Structure formats: C-alpha cells, structure tokens
Amino acid sequence: MPKWAEVVLVPLISLILAAILSALVILGIGEDPVAAVKLMVTGALGSTYGWGYTLYYATNFMFTGLCVAIAFHARLFNIGGEGQAMLGGLGVALACLYIPWPHWSLALIGATTMAALFGAAWAAIPAFLQAKRGSHIVITTIMFNFIAAAVLNYILVNMLRPKGSMDPATARFPDATNLPTLHDLLAPIGINFSKAAPANISLLVAIAACFFLWVLIWRTRLGYEIRAYGHSESAAKYAGISPVKITMITMIISGGLAGMMAINNVMGESERLVLNATEGAGFIGIAVALMGRSHPLGVFLAAILFGFLYQGGAELALWTSIPRELIVVIQALVILFTGALDNMVRMPLEKIFLSIRNARAPKPERKPVEPAE
C-alpha cells in the first residue's frame, strides 16, 4: 500500500466510518445528526472563543500524543502519560510557588524544566523495571497512574493546601508566572482573539516539541537506534544497541513530554494545581498517537481533531438534549475506529492496491512452443 494511503486514506476512512456510526447513534435518540454536526463545528471553530478552547485541548493532546508516539517507535506502550502529567503538574506548582520569578518568560522555562523532570522521573521507574527486571511496561505504567493520583492527593491535601481552605488545591500562582494567552500574543499584530479563551503560549511550546521530536527520531543517531530497536530487538542487539539504554532513554523522554502538558493546564489555564487537572488527556494521547501514526505532524493534526471533538462535544451537551455520556460514546467511536479497528480498514485497502498493481503490471509474453522434431 502506498505511503500516502497509509498516512491519509486509512485515518480518513476510519473517521468517516466513525462519523456514520455516530450519526446513527444520534438518530437513535431522536436528534438530528446534521444539526448536531453544525453545532459542533460552530461551537468549536465558529468563533475565536471556540478556537481558543479547541487549541487549548489540542495543546494537551499534542504533549501526551508525542509522549506515546516516541514510546511506540521503540515498541514500548507507555500508558502512564496520565500519571506522568500529574507529577509534571506537581513540578510546575513547586516551581511557580517557591521560586520568585521576575518575568513569565523565565517562569515558563523553569516550570517547563521542572515539569519535564518530574514526568521523566516518574516514567524512569517503570522503564527500569522493564529494562532490568522484565516487568511489562504496560502493567507498571497503568499501576503508576493510580500511585501518582494517590501521591498527588496526599501532597495537595496535607502539604500544599493553604491554611483554612477546604479545596484540595494549591494557592494561586504569583502574577509574574501567569502566561500570556493567544489574545495577548495576537493583539499587537491586530488580530482580535477572545480574552476568555484559555489557549496560551504553551501551544507554541507544543508545536516546538513536535519539531524537536521529528528531528530526534529522523535526524539523529539516537533516533535511528530507537527505531532500529523498535523494528527488531535482536537485530539491534546484534548491531551493538543496548536494550537497557534505549528503554530508559525513550521512556525518560516520553515521561518528560507528558509532564510538560502541565504548563498548559496547570500554569496556563488554572494558574494553580488542582486534583484531576489532567482530565484524561494522558489516555487520549494514546488515540492521538495511533491516529497520527506516531509521526509528529500526524500527532499535531490528530490533536487538533480531538480538541475539536472535545470542544464540539461540550457545545452539544450544553445546547442540545444529547446527554454528556453520549458525547463520550461519539469520542470513543472515533478512538475505536482509528485505533483498535485500524486493520479493518487497512486490510481491504491493501488488497485493493495489490489488485490494482497486479492489473497494471505488464504480463510476460509467452513464447510459442516449437513442435518436437
């Protein structure tokens, strides 16, 4: 199958199938699917306010999608992005609350570093268990999500919560750490963007992370080693590539990317650390990486799509009688078709392209058989 079909056609057909099934579900509860799609598009893309929320969600999904994508290249399934993002939020909170930053730009650099370090440290433990003890990375990263939630809950309630407050959250970060929103960034060039939208400068950091990962994977020796190890562990070992080294480095980078999500939702939007700040973005990152074929550009586009689904789904739940649970079902259908049922689309397409190639191939000329004398 051609590369363009693998990258474009397979996800597109999967999305169409998910949209058709979602329309049938909406019809089944007596709602108009066409009106629902119009409302989703208008709510997510029809105003700068809607775009602000779409890009805010997309920024979260870019970080977690890249987290899963780099692990996929080494044939590692990091399902711990949720917990790593939680610990990244803790790093951001400590950086913003206990270091007196004179300007938001310096605070952004410091908070990003702390978020990446905390996320990387949390991912390094399952990586070590996989590399040295043979513990399966899927099991350990899932378990560490629950451990991270419990640790964060304890620290928020017993250590970081302000005195007299009943809310399990930190105090608000100082004003010097508040990140500029897209309204602040675009106003000097004459673009009037919504002040109420939470999208902020961390979107640019996420885009830079996409470019960084592309350079790392396809333009560096380390990236070549990661891809070689992912294609064949035995061949990589024969070539002198250390499985322990690749497992540790890949998971540390993966955890760091997941932790960096906190500069968007914790530092940029909430401006304090609260419980469940990740809101499942770590798990959505798995679908984003699958749909984006673990390529940074694909992750970028898939993150925007899922940002659209999140914001559009919120508008549907607000302005129609479609229950919020059904919005989750629609989002799950997209994940199902683009991830778990990917081969259902790919295999028929491979047969079609194979038959086309065979039909176009020149047939060998048959030489006439001379009669025996």
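Residues numbered from 1 in each chain as written. Predicted model: local features only at pLDDT ≥ 70, side-chain atom pairs only at ≥ 80, totals over all residues. Heavy atoms only, no water.

- Per an unreviewed UniProt entry, the chain carries the name Nucleoside ABC transporter membrane protein and comes from Sulfitobacter marinus.
- Per UniProt, the comment on the chain under Subcellular location (unreviewed entry) is "Cell membrane". (UniProt positions renumbered as here; feature names shortened; annotations may be inferred.)

### As for the overall build of the chain
Move 1: A tally of helices and strands in the chain yields 16 helices and 0 strands.
Move 2: Split into buried and exposed, the 373 residues of the chain put 48% on the buried side.
Move 3: Once local pairs closer than 6 in sequence are excluded, the contacts in the chain between residues at least 24 apart make up 76%.
Move 4: Roughly 18600 Å² of accessible area belongs to the chain as shown, and the carbon and sulfur atoms make up 67% of that amount. (Helix = DSSP H or I, 4+ residues; strand = E, 2+ residues; numbered from the N terminus. Buried < 20%, exposed > 50% of the residue type's maximum accessible area, 1.4 Å probe, protein only. Contact = heavy atoms within 4.5 Å. Areas by Shrake-Rupley, 256 points an atom, 1.4 Å probe, with all protein chains shown as cover.)

### Section: helix 8 (residues 202–219)
Move 1: With 18 residues, helix 8 should reach 26 Å at 1.5 Å per residue; the first-to-last C-alpha distance of 25 Å fits that figure.
Move 2: For helix 8, every residue scored as buried is listed here: S202, L203, V205, A206, A209, C210, L213, L216 and I217. What you see down the axis of helix 8 is that its buried residues fit within an arc of 155 degrees, all on one side. In helix 8, those exposed residues whose orientation departs by more than 90 degrees from the buried face are F211 and R219. (Expected span 1.5 Å × (residues − 1). Arc of directions from axis to C-beta.)

### Thoughts on helix 2 (residues 33–45)
Move 1: Here helix 2 spans 18 Å end to end across 13 residues, near enough to the 18 Å set by a 1.5 Å rise per residue.
Move 2: Every buried residue of helix 2 is listed here: P33, A36, M40, G43 and A44. One side of helix 2 carries all its buried residues, which in axial view fall inside an arc of 95 degrees. Counted as exposed and oriented over 90 degrees from the buried face of helix 2: K38 and T42.
Move 3: Against the buried residues of helix 2 lie helix 1 (3–28), helix 3 (48–73) and helix 14 (296–319).
Move 4: Two or three places before V34, at the opening of helix 2, D32 has a side-chain oxygen 3.1 Å from that residue's backbone nitrogen. (Polar contact = N/O pair within 3.5 Å; in protein donor to acceptor, adjacent residues only side chain to side chain.)

### Overview of the environment of F353
Move 1: Examined against the element boundaries, F353 turns out to sit in helix 16 (residues 342–360).
Move 2: According to the relative accessible area criterion, F353 is buried, its value standing at 17%.
Move 3: Linking F353 and M1, residues 352 residues apart in sequence, is a C-alpha distance of 5.9 Å.
Move 4: Not counting the four nearest positions on each side in its chain, F353 is found in contact with M1, P2, W4, A5 and L9.

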